[in-house]
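Chain by chain, the residues run as shown.
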Amino acid sequence: MFLQKGKSFGFILIFILILLGLIIIPFFVDLFYQTFLTELFVWILFAISFDLIFGYTGLLSFGQALFFGLGGYTVTILIRKFGLNTELSLLFSIIIPILFAWFVGYFSVKLTGIHFVIITIIFAIIGNIIGDTWTSFTGGADGLTFSPPPYRLGLFQIDLMDIKGNYYFVLTIVAISFLFLRRMIQSPLGKVFISIRENEERARLIGYNVQRYKLIAFIIAGGLSGLAGGLYSLTLKYASAGYLHWSVSGHAVVYTIVGGMGTLIGPALGAGIVMSLEHYLINFLQTTDLVVGIVLVAMVLMAPKGLVGFIQSRFKKGETSA
Amino acid sequence: MKPVPEKNEIILELKEVNKSFGGLLAVNRVNLSVNKGELRALIGPNGAGKTTLLNLVNGTLPVSGGHIFFKGKEITNLSPHRISHIGIARTLQITSLFSGLTVYENIWTAVQSRKKFFNPFIRALKWQDVKEKTESMLDLTGFKDKAHLICSELSYGDQRILEMGIALSTEPDLLLLDEPTAGLNSQESMALVKKMRSMLSGQTIILVEHDMGVVMELADNISVLHYGAIIAEGAPDVIKENEEVKKVYLGSEHA
Ligand SMILES: Nc1ncnc2c1ncn2[C@@H]1O[C@H](COP(=O)(O)OP(=O)(O)OP(=O)(O)O)[C@@H](O)[C@H]1O
Ligand SMILES: [Mg+2]
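About the criteria used
- All residue numbers refer to position in the chain's written sequence, counted from 1.
- The naming scheme follows written order: chains are lettered A onward, ligands numbered 1 onward.
- Owing to the predicted nature of the model, reporting of local features is limited to residues with pLDDT of at least 70; listing and counting of side-chain atom pairs is limited to 80 or more, with chain, interface and lining totals taken over all residues.
- Side-chain numbers here rest on the full set of heavy atoms in the structure, without hydrogens or water.
- A run of H or I in DSSP becomes a helix once it reaches four residues, and a run of E becomes a strand once it reaches two; helices and strands are each numbered from the N terminus.
- Both definitions apply: the radius of gyration is a C-alpha atom measure, and the globule rule equals 2.2 Å times residues to the power 0.38.
- Exposure is judged per residue with a 1.4 Å probe applied to protein chains only, and the accessible area is read against the type maximum: over 50% gives exposed, under 20% gives buried, and values in between give partly exposed.
- For salt bridges, the criterion is a side-chain nitrogen of Lys or Arg within 4 Å of an Asp or Glu carboxyl oxygen.
- We call two residues contacting when some pair of their heavy atoms lies within 4.5 Å.
- Accessible surface is computed with a 1.4 Å probe, and the buried area is the amount of it that two parts give up when combined, taken over both parts together.
- We call two N or O atoms a polar contact when they sit within 3.5 Å, provided that within protein one can donate a hydrogen and the other can accept it, with sequence-adjacent residues counted only if both atoms are side-chain atoms.
- Throughout this description, the term nonpolar core refers to a set of buried Ala, Val, Leu, Ile, Met, Phe, Trp, Tyr and Cys residues connected via side-chain atoms within 4.5 Å.
- These domain limits were set by an automatic method or by a database of domain assignments.
- By convention in these notes, a residue is near a molecule or strand provided one of its non-hydrogen atoms lies within 4 Å of it.
- Only the protein chains shown count as cover for residues, and all accessible areas are computed by the Shrake-Rupley method using a 1.4 Å probe.
- Ligating atoms shown are N, O and S within 2.8 Å of the metal, or 3.2 Å for Na, K and Ca, and water is not included, meaning a site may look less than complete.
- Interaxial angle, 0 to 180 degrees, is taken between N-to-C directions of lines fitted to C-alpha atoms, where a helix line uses only the stretch in contact.
- Roughly parallel covers angles under 35 degrees, roughly antiparallel covers those over 145, roughly perpendicular covers 65 to 115, and oblique covers all other angles.
- In this classification, the charged set is Asp, Glu, Lys and Arg, the nonpolar set is Ala, Val, Leu, Ile, Met, Phe, Trp, Tyr, Cys and Pro, and all remaining amino acids, among them Gly, are polar.
- Pairs of strands are assigned from DSSP output, requiring at least two bridges between the strands.
- To pair, rings of Phe, Tyr and Trp, with the six-membered ring standing in for Trp, must have centres within 6.5 Å; the planes then decide the type, stacked if under 30 degrees apart, edge-to-face if over 60, and tilted in the middle.
- Two thresholds decide whether a charge sits over a ring: the Lys NZ or Arg CZ must be within 6 Å of the ring centre and within 35 degrees of the ring normal.

Can you explain the overall build of chain A? Please cite residues and give values.
Secondary structure assignment for chain A yields 14 helices and four strands. Relative to the globule expectation of 20 Å for 322 residues, the C-alpha radius of gyration of chain A, 20 Å, shows essentially globular dimensions. For the C-alpha atoms alone, the extent of chain A along its principal axes is close to 60 × 45 × 45 Å. Buried residues in chain A amount to 53% of all 322 residues.

For the pattern of salt bridges, give the residues involved together with the corresponding values.
Residue and element names in this part refer to chain B. Under the criterion given, the structure shown has 16 salt bridges over all chains. Across the pair Asp178 and Arg90 runs a salt bridge, and its minimum N-O distance is 3.9 Å. Taken together, the residues span a long stretch of sequence, with Asp178 in strand S7 (residues 174–178) and Arg90 in strand S6 (residues 88–90) at a distance of 88 residues. Look at Asp178 and you get buried, because its relative accessible area is 0%.

I'd like a description of the interface of chain B and chain A, backed by residues and values.
How big an interface is tends to be stated in terms of accessible area lost as the parts join. The interface of chain B with chain A comprises 35 residues on the first partner and 29 residues on the second. Each partner contributes to the roughly 2900 Å² buried at the junction of chain B and chain A, and carbon and sulfur atoms together form 64% of this total. At the boundary of chain B and chain A, one finds one salt bridge. For Glu163 of chain B, the salt bridge goes to Arg202 of chain A, with nearest N and O atoms at 2.6 Å. Across the contact surface, chain B and chain A share 18 residue pairs in polar contact (both at pLDDT 80 or more). Within the residue set of the side of chain B that touches chain A, elements represented by two or more residues are helix H2 (80–86), helix H3 (103–112) and helix H5 (156–168) of chain B. Among the elements that take part in the side of chain B that touches chain A, H3 of chain B stands out by supplying six residues, more than any other.

Provide a residue-level description of the nonpolar core, including the pertinent values.
With 148 residues, the main nonpolar core has Phe68, Phe169 and Leu231 of chain A together with Leu162 and Leu200 of chain B as its most contacted residues. Take this core: its biggest share by element is 16 residues, from helix H2 (residues 31–56) of chain A. When residues of this core are sorted by domain, at least three fall in each of domain 1 (8–87 + 173–185 + 192–255) and domain 2 (95–171) of chain B. Residues in contact with Phe68 of chain A, not counting those within four places in the same chain, are Val42, Trp43, Phe46, Ser225, Gly226, Ala228, Gly229, Tyr232, Tyr243 and Val248 of chain A. Grouped together as the second largest cluster of nonpolar side chains are 26 residues, Val30, Leu32, Val34 and Ile75 of chain B included.

Can you explain the site of ligand 1? Please cite residues and give values.
Residue and element names in this part refer to chain B. Residues in contact with ligand 1 amount to 13 residues; listed here are only the nearest, Gly47, Lys50, Thr51, Thr52 and Gln93. Contact distances for ligand 1 include 2.9 Å between an oxygen atom and a backbone N or O atom of Gly49. Between ligand 1 and the protein, one listed contact pairs an oxygen atom with a side-chain N or O atom of Thr51 at 2.7 Å. Protein burial of ligand 1: of its 640 Å² of free accessible surface, 61% is covered by the chains. Secondary-structure elements contributing two or more residues to the shell around ligand 1 are strand S2 (24–35) and helix H1 (50–57).

I'd like to hear about the coordination of the magnesium ion (ligand 2), residue by residue, with values.
Residue and element names in this part refer to chain B. For the magnesium ion (ligand 2), the full set of protein donor atoms is Thr51 (OG1) and Gln93 (OE1), at a range of 1.9 to 2.2 Å. Taken together, the residues Thr51 in helix H1 and Gln93 in the loop between S6 and H3 connect sequence positions 42 residues apart. Judged by its relative accessible area of 33%, Gln93 is partly exposed.

Please provide a residue-by-residue account of the domain arrangement of chain B, values included.
Residues and elements named next belong to chain B. In terms of domains, chain B is made up of domain 1 (8–87 + 173–185 + 192–255) and domain 2 (95–171). A straight line from the C-alpha centre of domain 1 to that of domain 2 covers 26 Å. Of the residues lining the interface, 17 residues belong to domain 1; the matching set on domain 2 comes to 14 residues. Together, the buried faces of domain 1 and domain 2 total about 1200 Å²; carbon and sulfur atoms form 65% of this surface. Taken as a group, His85, Lys195 and Met199 account for 38% of the area that domain 1 buries against domain 2, more than any other trio of residues on that side. At the boundary of domain 1 with domain 2, the tally comes to zero salt bridges.

How would you summarise the packing of H2 of chain A against helix H10 (residues 210–236) of chain A if you had to cite specific residues and measurements?
All names here are of chain A. Where H2 meets H10, the closest approach of the two axes is 8 Å, and the angle between their N-to-C directions is 170°. The orientation of H2 relative to H10 falls into the category roughly antiparallel. A breakdown of the residues in the contact of H2 with H10 according to their chemical character gives 16 nonpolar, four polar and two charged.

Please set out the sheet that holds strand S1 (residues 10–21) of chain B residue by residue, giving values where relevant.
Residue and element names in this part refer to chain B. Taken together, four strands build an open sheet; the order of strands is S2-S1-S4-S5 and the sheet is antiparallel. Every interior strand has two partners, whereas the edge strands, S2 and strand S5 (73–74), have only one. The pairing of strand S4 (residues 65–70) with S5 spans two bridges and is classified as antiparallel. The residue of S5 that forms the bridge with Phe70 is Lys73. Against the sheet, H1 touches S1, S2 and S4, its axis set at about 115° to S1.

Which residues make up the packing of aromatic side chains, and what are the values?
Per the counting criterion, the structure on display carries 29 aromatic pairs over all chains. Between Phe68 of chain A and Tyr243 of chain A the ring centres are 5.8 Å apart and the planes differ by 50°, which places this aromatic pair in the tilted class. Here Phe68 of chain A, found in helix H3 (residues 64–80), pairs with Tyr243 of chain A, found in the loop between strand S4 (238–239) and helix H11 (246–259); they are 175 residues apart in sequence, far enough to count as distant. Judged by centre distance (5.3 Å) and plane angle (85°), the rings of Tyr167 of chain A and Tyr168 of chain A are edge-to-face. Each residue in the set Trp43, Phe46, Phe68, Tyr232, Tyr238 and Tyr243 of chain A is aromatic and connected to the rest through ring pairs, giving one cluster. Here Arg182 of chain A stacks its cationic end above the ring of Phe11 of chain A, 3.5 Å away from the centre of that ring. Cation over ring: Lys115 of chain B sits above Trp127 of chain B, and NZ or CZ is 4.8 Å from the ring centre.

Here you go:
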């Protein structure tokens, strides 16, 4: 599982097949579902960035909403108020959250367990309060709208006002981010993160500067959460203080637990399942949170390793009994 | 009482080291020197301060006073990860492994800790030298056939050996072992001693151990700790006959 070559071929094959499927889907579904899928891609990116910090490094961060909101606002404000172009704005939606993650992480990674969870919630709450009250800059709860200008990227004319264009743009960036994270997990750095999750004390005893590597994981996850926020804004052409609410981090927690933490593919699946469920239920239920909550509790009780863990254990059982 | 170090090279030296927890003096003005290549046993009744002393040496706890020198340099109060890189490795009294990972991954993680830069863009398995070293460590520790077991599936005795293997994989100049036989029955203990003999030959070791059989079998010298202070020091035969040591262990089943 750690260093096997054979599996990566299978992965590449499946990845390409899924990507091909997602590339042709817009020709078969209407604009509503194209938008739905685009948003799903964004939440997948958010969920896998959370999986890096929680699933792989073992830090339950509720601060990801802060970076998501910052990314969203960075794009919105840079385009709306400063007339910056789309691609640079999106780049800043990684950089600005990275700087904030550096700051927040600097204080947070010194704490462990529940103390870490609480300090990240506090930072997110502060962000939300600032977003809510500094209305001249953020638009508060009403938010800010904008129109991303079209631009050329080599051969491609990218127009995010076009729903299909927006779909492919987000898909591309999320797919690249997924591959980036997957590679990082398999890299020597990823092994350090995993060792911290498994046993912080042992990691320290064999010479890893645990706090430093926690901070690095936190910064990378913050940057990617920011990118997700930036893409979300670009998709909705809008950002509001609600993005900064710490409960936004809760989405990532739910997707990750339902799908299976520490697997990357799990949180992606979890996002797909939960969002589809919500989309389906909204037709005849006032609030879908209750059902999502029940699904979550059921998963925790019956399949604590999430859907991916459940499938893997089934698969293993089949292997040994065969 | 103190054995004069022969022409041997001192690798670790503690000078007047103290540690207090509130009012409790857990380590009391300890002076200790360990020679290169020596296996020094550190014994003493429960609560004598043995684990605390190891915690001071590897930086897990800050000292309350005194100085610690390793390979001629002062290492007092450096953080554990730095001390690991300076060359001191450690096993704990309560087994401490990467319990959800395989044996292979446990050793790998320890071996790669000697690298300076952890490139996030390459696959770990591209590190041929780390891979080779991991495999040679698996050979040495006898885990070749169990390499792909999750380490929590190993027997308790095997887990104790694996923890030593992890410590050894960081290529230490000094190994601190905190009661490797704790929780093992006498048969398992003897198997572990045999394993240690082959695995750890030539290593400089401080061995905290309650089992006097194991101590007599392995130690070059013994230091006896009682209420945080060293009350006797010397070769195993000498310590065995020491009146004060006998008194400390009187009524205890270990003596
Ligand atoms: N972190 C701590 N805080 C407060 N007191 C401590 C701490 N660690 C150890 N002590 C106390 O210091 C004394 C020495 O403990 P230590 O664990 O070093 O003993 P030990 O010789 O290793 O004993 P054992 O043989 O039972 O492992 C004990 O009285 C213990 O209660
Ligand atoms: Mg102890």
